[in-house]
Each structure stands twice: as C-alpha cells, then as structure tokens.
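Read off the chains here:
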Amino acid sequence: MTFLFTDVEGSTRLWEQYPDAMRQALRQHDQLLEDVIGRHSGYVFTTAGDAYSVAFSSPLAALRTALDAQLALAAAEWPETAAIRIRTAVHTGAADERKGDYFGQPLNRAARLMGIAHGGQILLSQVTAGLVRDALPADCTLLDLGEHRLKDLEIPERVYQLAHPALPAEYPPLRSLSTYRTNLPAYTTSFVGRRDERREVADLIERVSLLTLLGPGGAGKTRLATHTAADLIDAFVDGVWFVDLAPVSNPQLVSHVIGLVLGIGDQSGGDMLDALESFLREKDTLIILDNCEHVIEEAARIAAQLIGHCPGVTLLATSRELLGVPGETRYLVEPLGTVDASTAAEALAGDAVRLFVERAVEADPSFRLEEADVAAVVDICRRLDGIPLAIELAVARLGVLTPTQLAARLSDRFAVLSRGSRTALARQQTLRAAVDWSYDLLTEEEKILFNRLSVFTGSFALESVEDICGAAPLHPEDVLDLLSSLVDRSLVRALPNGAASRRYRLLETLKAYGAARLADAEPEGTTAARHVTRRVEFAVEIGPVLRTDVSRYLDLIEPDIDDLRAVLQSCLTAGDITRAAKTAASLWYYFYVRGHWDEGRAWLDTVLEAGADLEPRLRADVLRGAAALATAQSDAEPAQRLTAAEVAMRRELDDQEGLATALINHGNAVALSHDYHRAMQLYEESLSISAALGKDQSTAMSNVAWNAMDLGDYELAEAKFAETKELAEAAHNPRNEAWGRLGMGLVAWIRHDLEHAESALEGALKLFESLREPAMVALCLLTQAKVARDRGDVDRAVQLLRESAPELVDVNDNEGQARWLVTAFGVEALRGNDERAALFAGSLAESTAHLSPWERIDIDHFEPEVRRRLDDDRWDESFEKGRTTSTIDALRLGVTE
C-alpha cells in the first residue's frame, strides 16, 4: 500500500489565537481534502484533529491526491487570520490491516516524513519516488533533498520533494535530526524494544537536571540514552550533544572533550570547566556523558558545577556506578526480557529473542526463526541474561554454528563470544573484554569478594556472604561495604525487598567470569568448599523441623533452593555421597510440599543408588523421602519396596519413633494395591507406638480414616477424621488438621450433606493454602467442584476444575489427575457435553480399576446416563479418542465451552 499523511501546519497556535476562524477554515479544509481523496479512490483509515491518514493501492494515485490537495488548498479563499497550509508525505510499504485500520513500520516512516515537512510541501520517500518517477503528473519534477535522519527511526531516509509551478519553489530546511543542533550518533542497526524504558527515561529527563543510566557492560545504556535523546530533540533549543568518554584515559581531559563537542576552543591556559559553565549558563541543552565509570570523580565534579550554575542544562550520564552528585537520579537499565515459549511467535514477544532475530536477519536476510530452533534461541538469550552485547556477539557465530550448536557451546561463553565488529570499541569486541573493563576498575578487596560470590547459584543474602566469603584476607565486617560497592558498580544486582531481607545475585555471565577468576586465585577451592559445608549444615539443621512449621521454614528454604540444588549436585559429582544424602534427606519434604515430586525422587533415587554403604540411620532417612514421593505419585511397586526396606531398617536400629512414621508410610504404599486390611494393621501398630511414646497420633489417625473411606466404612471414617482434627489441633499440627477437615468434607459430600461439606472444605483449603501445598490445594478445589456441581452451580464447578488442573499437571500427581478426570467427567455429563465426558472416561480407562469406591462415585452415577444419551458408535468414538489422549493432555484440555 501507499500511504498519504497530512496535517495542518501551526494548527495549535491558530486554534489558540483565532478559534472562530479556525472552525470555519477546518470545515473547508476537510471538505476540500475529502473531495480530492474520493476522486482518487483513497481510503481514509484514520483522522485525528486536522490530520488525515489515507491508504492507496496505487502510489501514483497517492501522489496525485497530494498534489491536487495542495493546489486546491492554495487556490481556496481563507479567513484572513486562518489560512490553511498542510504538510504532506507519501510512502509505500507492506503494512498490517486490522478492522479497517493499518499498522506497521511504513506508517511510522510516513508519519515521521510528514513531521519534517513544511506547510504546502509534498515529500516522498525514496521507495515511492522510485515507483512514480517515470509517470509524474504534467509540469511536475522531483527534487532530491538528500538523506535525512528521522526521529525514532534507525535507518536514514533519502527524501524527495514534488515540485510544481503553482507551489512554492523554496522552503526552509527540513525539520529532520540532520538539521538540528546535535551530534547524536547514527546507527546502522535497529533499536529493539525498550518502549517503556524510553518513555520513563524521557519523563525523568523533563523533570530532573542529572539522570544516570546504570547497568552492567553491554546492557544497552548508550543506545537507550541516545534514542531517548533523539525523541526529545525538539525540547532543547540549543541542541542535544553526545560526549563519549570511553576513549578518555586522563580524567583531566574530560572537560576538554566536552568543550570540543560543544565547539568551545582551547582556553589558552584558562580553566575549561569555567569556560563550559560560562558557555552553558544561558543555554537550553541536553548533554549525554557516556561511559563515566573510569573517570567517575572528574565526571562528578563537572556535573555538579554545571547543574549547579546552568539552570537550562540537563545531563544524561551512562555509567556502571552513580556519579554521587547531589540531585542525581538513578535509572537501572535492566537486561532485555525473555519469555517461556514453544513457538516462534511466542518467543518473539520477548525483546531479547527479537534482538537476536533482527541482528541475525541484518547479517543474513534469509535467516528465519524456525520452530525447531525456538528452544535453543530462547535458551541462548536467557543464559546470556538478555545482555544486548552478548546476544549480538552470539549472533556473529551463526555463520558457522546453528542455534542448537551455539547453545551447546555457551558453557564456555567467553571463548565463543569473541568475535565482535572490528569497528566497535575494543571493550565491545568480545564478551570478556566488556567484563574486563568493569573488573579492572575494582580494588583488590572488591575483586576478591566478586570472585567468591560466584560460588552462589541463584540469589544470596548478606549474612551468607559474610559467613562464606568473609574469610582472610577479607573480614566479615568488611563485606557490607564491599558488597555495596559491587552493587553500585553494577556488578551485583540488589533484588527487590523480600519478606525478610534484601537479597542479591550475579548475572550468569558475571558469575561465569567470577568463577574463572576464582579458580585462578584459589586453585585449592577454599571458598567453594566452605560454601558446600555451610549449605549442607543449613539443610541438616532445617530438615528435621520443617514439618513442625511448614510455612515458616519454607520461607527460609525457598530463597536458597537453587543454591541447595547446586550443592547437592556438587556433592554427587564429587562422590561425597554422605553429604549428598544428608542434604537430600533434609530436603525431601520441601520437594513434597512444593509439588516437585519428580525432581525429589530423582535426587533421592540417585543417592540410594550411589550410597549402598551409607550409615544405616542416614540411609533410612533417604528411603523415607524416596518412598513418600513414590507413594504420592501412586507408584506402588517402588513405594512398597522402599517403605518395607525402611521399616526393616528402623526395626533393626530399634528406632521406635522412626518406626512409627515408617509404618504409616508402608501402610500408604500397601493401600495403593488396595490391600486395605493390611494397611489398617500397619496404621494401628503405628498408633500403638506413638501412644507409648507420648507422641502426636494425628498422622496415623488420619491414615486410619482414609483407609476406612477406601473400605467404604464412611461412619468410621467420619469419626476418625473428626478425631484427627482434634488431635492435630491439640498438637498444633495444621497440616494434619487440614487433612482431617478435608476428609470430613469428603464424607459429608458422599452423604449429600453439602452445607457441612462446603464448610469443612473451605477450612481445609485455607490451611493448605497457608501451608503452600499445591497438590492438596488442588484436591480441595476438586472436592469443592463436586459440591458446587451437586448444588446446581455448574459454572462454579467448571471454574474450580480449571483452577485445579495446572497444579496437578505441575506435580505429576497420578492419583490426583485421575480424581480430576473423574470429577470433570461428572461435570461434563451434567452439562450435557457427552462426547467430552466420554473422552475423559476413555482417558481414565487405565486408572478406574485402581480407584477406591468413593473415588468412583461420579463414574458409577453418571456413566449409565451418558451412555443412554449417546449411541454406541458415538460413545466408542469419543472413548477411544480419550484412550489415546494422555492424562496430562486431557487435563490441559481443561473444561471449555
């Protein structure tokens, strides 16, 4: 399409001075313009005030419209105080159309082209000029006005003016960036993303005298500064000036470099800073001081004097640390964002991937983000922390590596990302050089702490840094100041405040750099060893008390879980099975509560396989965790084998307290094979031991109650659930209290006492939510869905099913997933969605035989009715479709209209 953009020059001023005349003039303008557009078959897709945006299928029709409109407006009679003159621009390109409106880059270029024109002037882009050059209207010629930089657009535009004898022959210079007082650098590559940042930075520039953009090397501070400054170029009468301080090695030359940019000559021995102040005192200007960190003290001195004595001067600094000047405002430039994505369209919603793809296309126009490469590209961008420089260096390797090969080599990122542009600054030609630039500015003590911080995975707290990294030659009391300095220098990120204390982290790129430096400085691995020791001690200390106050201790574990995982892997890799076993045995309940069942089993099974010679009590603790997670996933064979082994080991150790718990776990595992009578014997033995020891009996009582449910003895189950709740309340055991309430709600639902069921389930849900147990929250929601359905509130039942499905998918809870499908079957049957109900029944086919009687209630109740409504062929077709649909996929299908 070809787009014609017009607006009235100086309309705001005319409206303010002559509102009555403008009303008459604008009506006349609209009528003339619309008549001309209609004659040439133009389509007006947007009007805003006096501006028109018009689309044409023919570039020549757009050009004739622009010419006829200018001629008609020039010949018209206007009110003496409101003569209308319009700016026009024509540009051709491929755009997106949605609901009668157009979107895309060609419209941006047309709008910016019109923005540099003057009233009565017709401007054409180079592409449009090429299309119409051989078919110009009579007496028309094209004047080449040269190449111009347009606001917000990366690629300059060669601009042409349509000349005609009836139009003015000369106009003032175009209002492009090329004609403004500025030396802003022109870039040959696109600027990706940062829309919110540009808006926020622009807003701050209008309100403060000194704004410093902070961020690590390669984060894109300079590009953000220069592009935002270009957006604001109209706002500064005396220009926008860019001062690159990176090449300045002598701080005494900083003021002279600024003077050279501003056109101030040598002062013949006079003070250049005083000359700058004198020159700028009456100026309205924006000055970008780029790369201040290595001359920070001198840059701060100059900034303080200029903003203190030159009220019209605004300074925009980029640095890896603050200048430390009174009145300075900081703005942290974050890396580009990535998104979890499985398709190219989803991945391109993240600015980091968009930058990767745009740079790849600029290097090789045939490049496309193939679906097969999405995972690798997302992984590359995430592992490079979204740092623009790192991403651009990675793209430079695509000539010889596929995205998948590149991702596989990023473990040695500093070797791979070592081929930047030859024309770039030396510190931007390799990733190592970019980090070296910051590292070399540190003191020796700061370097030591930075190196040692690389032992942490994920975030870390100040207290951990003091304990693990504060050894000689540092002192723990020095760590706060050193860490603060590293934060100030953008090498360590201070995360937003959490519930307890501030936490910090290294970007992965900086962590890898620090680890390499640490390996050179400490070949014996002293800090790494101390880190492992302290983390194992933390896990061992917190493991036994985790179940006593789940919410509190989860808050202690959660922030450090990535670090604990890394330590666990480190112990396994080093063959330190004892410490690996201690850590895994301490963390299994965390994995259980958080729903990370697959992960927890993998850790514990690995430890058991490698730890045949573990001390018996420790091996029994590992067996307990592995068995509990296998039972949670209804994996009967390993659950029964592992729990039996633990029971035998606890008996041999004469560990009565451990045996009481092991018997419960063994009963749960046995119940998976529907041997409920054997399970009841195990639970009763556990109750007996707990009573003899004077310990809380609510766990064993809860399992007796569930076993009674499985046996169909709902009267006994109700009594035992109530007893479980009372015992748990007395023992201050909120988890078992929640189990008791949940069981009471289930029994009430079975007996169709829906009001009692809803009350009990709401209490259970609140407790499980406070304990943050996703699988149990999902089970409460499922049971509430049954109650809502039976109350006739089908919409609420559907909503509850939708809320519960994601949790069950995430934790891979086989029994919970089967319960979800049973409930969904009943809800869909009640809604009359019989084919979908039959599909869920088919997906359940492998599970229904293993469900307890109370879990089959919905199937037994609704299946005959659904079969009656569906003929055999339709039932069989949907049922077979369900049999080929995995349980997980059936859950993901959800309940939809």
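To start, this report covers the structure provided alongside it. Bear in mind the structure is a predicted one, so any value in this text is a computation, not a measurement. (Residues numbered from 1 in each chain as written. Predicted model: local features only at pLDDT ≥ 70, side-chain atom pairs only at ≥ 80, totals over all residues. Heavy atoms only, no water.)

Our next topic: the pattern of salt bridges. With the rule as written, the count across this model stands at 50 salt bridges. Arg565 is paired through a salt bridge with Asp562; the nearest N and O atoms lie 3.0 Å apart. Of the two residues, Arg565 and Asp562 both sit in helix α24 (residues 561–573), three residues apart, roughly one turn of that helix. By relative accessible area, Asp562 is classed as partly exposed at 38%. Among the ionic pairs, Arg789 bridges to Asp858, the shortest N-O distance being 2.9 Å. Remark: Asp858 occurs in helix α39 (residues 857–869) and Arg789 occurs in helix α35 (residues 774–790); sequence separation between them is 69 residues. Here Arg789 matches Asp858 in class, with each residue buried. Beyond isolated ion pairs, a larger network of salt bridges with shared partners links Arg617, Asp621, Arg624, Glu646, Arg650 and Asp655. (Salt bridge = Lys/Arg side-chain N within 4 Å of Asp/Glu carboxyl O. Helix = DSSP H or I, 4+ residues; strand = E, 2+ residues; numbered from the N terminus. Buried < 20%, exposed > 50% of the residue type's maximum accessible area, 1.4 Å probe, protein only.)

Before going further, it helps to spend a moment on the side chain of Ser53. Tracing the backbone shows Ser53 in strand β3 (residues 51–56). Those residues in contact with Ser53 that lie beyond four places of it in its chain are Leu4, Phe5, Tyr43, Val44, Phe45 and Thr46. (Contact = heavy atoms within 4.5 Å.)

Among the nonpolar cores identified, the biggest contains 107 residues, and Tyr592, Met709, Leu742, Phe768, Trp820 and Phe825 are the most heavily contacted of them. Examining the composition of this core, we find that 12 residues originate from one element, helix α25 (residues 577–594), more than from any other. Sequence-distant contacts of Tyr592, that is, excluding residues within four places in its chain, are made with Trp597, Leu629, Ala632, Arg735, Trp739 and Glu773. Counting residues in each nonpolar core, the second largest holds 57 residues, with Leu384, Leu401, Val479 and Leu482 among its members. (Core = buried A, V, L, I, M, F, W, Y, C linked by side-chain atoms within 4.5 Å.)

What follows is about unusual backbone geometry. Between Ala472 and Pro473 the backbone carries a cis peptide bond, its omega angle lying at 10°. Considering the arrangement of structural elements, one finds Pro473 in the loop between α19 (462–469) and α20 (479–488). Residue Asp139 is not a glycine yet carries a positive backbone phi of 70°. Inspection of the secondary structure puts Asp139 in the loop between α5 (126–132) and β8 (141–148). By relative accessible area, which is 60% here, Asp139 ends up exposed. Non-glycine residue Asp654 carries a positive phi angle of around 55°. Summarising the element assignment, Asp654 is placed in the loop between α28 (636–653) and α29 (656–671).

So yeah, pure geometry; function would need other evidence.
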